[in-house]
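# Fold and geometry: a report
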Amino acid sequence: MGAITDVPGIRVGHTQKTDDGWLTGVTVVLPPPGAVGSVDVRGGGPGTHETDALDPTTLVSTVDAVVLTGGSAYGLVSAHGAQRWCEENGRGFAVTGGVVPIVPAAAIFDLGRGGDFLARPTADMGYAATAAAAAEKDGHDVGRGSLGAGTGAMIGRGQFKGGVGTASVTLENGVVVGALAVVNALGFPVVDGRQEPQPSARSVVPPHEPPNLASSAREPGSRGPTLEARFRVPDSPSADAGPPALNTTLVVVATNAVLDPAECKRTASAAHAGLARALNPSHTLADGDTVFCLATGGVALDRSTETARQVSLITLQSAAADVVRLAILDGISASSITG
């Protein structure tokens, strides 16, 4: 399935705590200097930091790091640690006297899942995850499953483990598109490729039996896994049962293509289709679904004519949706092994 680090220059670092009431962590995607970025937030309950700075109409077009974190809004302090690492290493928007690193962040809700509601990611954990990413070699393997920001992740109204997944594809023109996902969704995975309102078999897996996604196999020549597992979708909770669990799926899409901020924004928007194909429901009021896009600028797209430009972008953005879907399913599959 590949990994987001198949995009040259992209590195990923994780840190987590899993004892003494902790079950949370931080994942940092560290692009090479000068990477262009944007974001599209579609969930009804987002927890984000500095996403407004990624609007294509704003001053700065580059991104120094993207922080994905547990701890809900409290965990966003981990971005301060990533920012501190970037400043120490001279990465950021140059201003008189120094630099101001552009470090957007987004959080999943995992508060209390380790037993202690106050056990949340800290700025030091954000620094550690950034340093871990910087220490990796180009093209390194990416940790998957229940680690980093996915340490305390759950799916399916809190019944099954979620976690971190990744995937990539290389297009015929040499453009690489990769994605990393932290899956903490209200919904269930769409495992059979259908898009009906009831995509999951409702009577195969008992409600609390872990899904066997570890048996996933990729057919020769296929671009993604064939998932044979099925999930039981529980009955809708009554109003007396209280509010649904709070959730979020966070995604970073990266590419080595040359894109401007508006094209990054449109790619992030298109990539949300992959989230909707992988999870049902998605983008709910109780999810904070967010997709970032990073473009490192190593490969120029064909812009020789307006038609060529449009075809190049549509192809890239379609691939982004594909790899997001695969990264989400990979995260669920890996978590069934590591969780």
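Data block above holds the structure.
This section reports on the structure supplied with the text. (Residues numbered from 1 in each chain as written. Predicted model: local features only at pLDDT ≥ 70, side-chain atom pairs only at ≥ 80, totals over all residues. Heavy atoms only, no water.)

## Some thoughts on the overall build of the protein chain
- Helix and strand counts for the protein chain come out as four helices and 18 strands.
- By residue count, 53% of the 339 residues in the protein chain fall in the buried class.
- Expressed as a percentage of contacts within the protein chain between residues at least 6 apart in sequence, the contacts between residues at least 24 apart total 81%. (Helix = DSSP H or I, 4+ residues; strand = E, 2+ residues; numbered from the N terminus. Buried < 20%, exposed > 50% of the residue type's maximum accessible area, 1.4 Å probe, protein only. Contact = heavy atoms within 4.5 Å.)

## Let's talk about a nonpolar patch on the surface
- A contiguous nonpolar surface patch, about 350 Å² in accessible area, is contributed by L59, F93, V95 and V100.
- Relative to the helices and strands, V100 is located in strand β7 (residues 98-100).
- Take V100: its relative accessible area is 37%, and that puts it in the partly exposed class. (Patch = residues over 30% accessible without salt bridge, like charges linked within 9 Å, V, L, I, M, F, W, Y side chains within 5 Å. Areas by Shrake-Rupley, 256 points an atom, 1.4 Å probe, with all protein chains shown as cover. Salt bridge = Lys/Arg side-chain N within 4 Å of Asp/Glu carboxyl O.)

## Section: helix α2 (residues 123-135)
- For α2, spanning 13 residues, the distance from its first C-alpha to its last is 18 Å, which sits close to the expected 18 Å at 1.5 Å a residue.
- Considered for burial, the residues of α2 that qualify are M125, G126, A129, T130 and A133. Axial view of α2: buried residues confined to an arc of 135 degrees, hence all on one face. Facing away from the buried side of α2, by more than 90 degrees, are the exposed residues D124 and A135.
- Check the buried side of α2 and you find it contacts β1 (11-17), β2 (24-30) and α1 (78-88). (Expected span 1.5 Å × (residues − 1). Arc of directions from axis to C-beta.)

## Topic: the side chain of T27
- Along the chain, T27 falls in strand β2.
- For T27, a relative accessible area of 0% puts it in the buried group.
- Among the polar contacts listed, one links the side chain of T27 to the side chain of H14, at a separation of 2.8 Å.
- With residues near it in sequence (within four places) discarded, T27 still touches V12, G13, H14, V66, V67, L68, G148, A149, V164 and L180. (Polar contact = N/O pair within 3.5 Å; in protein donor to acceptor, adjacent residues only side chain to side chain.)

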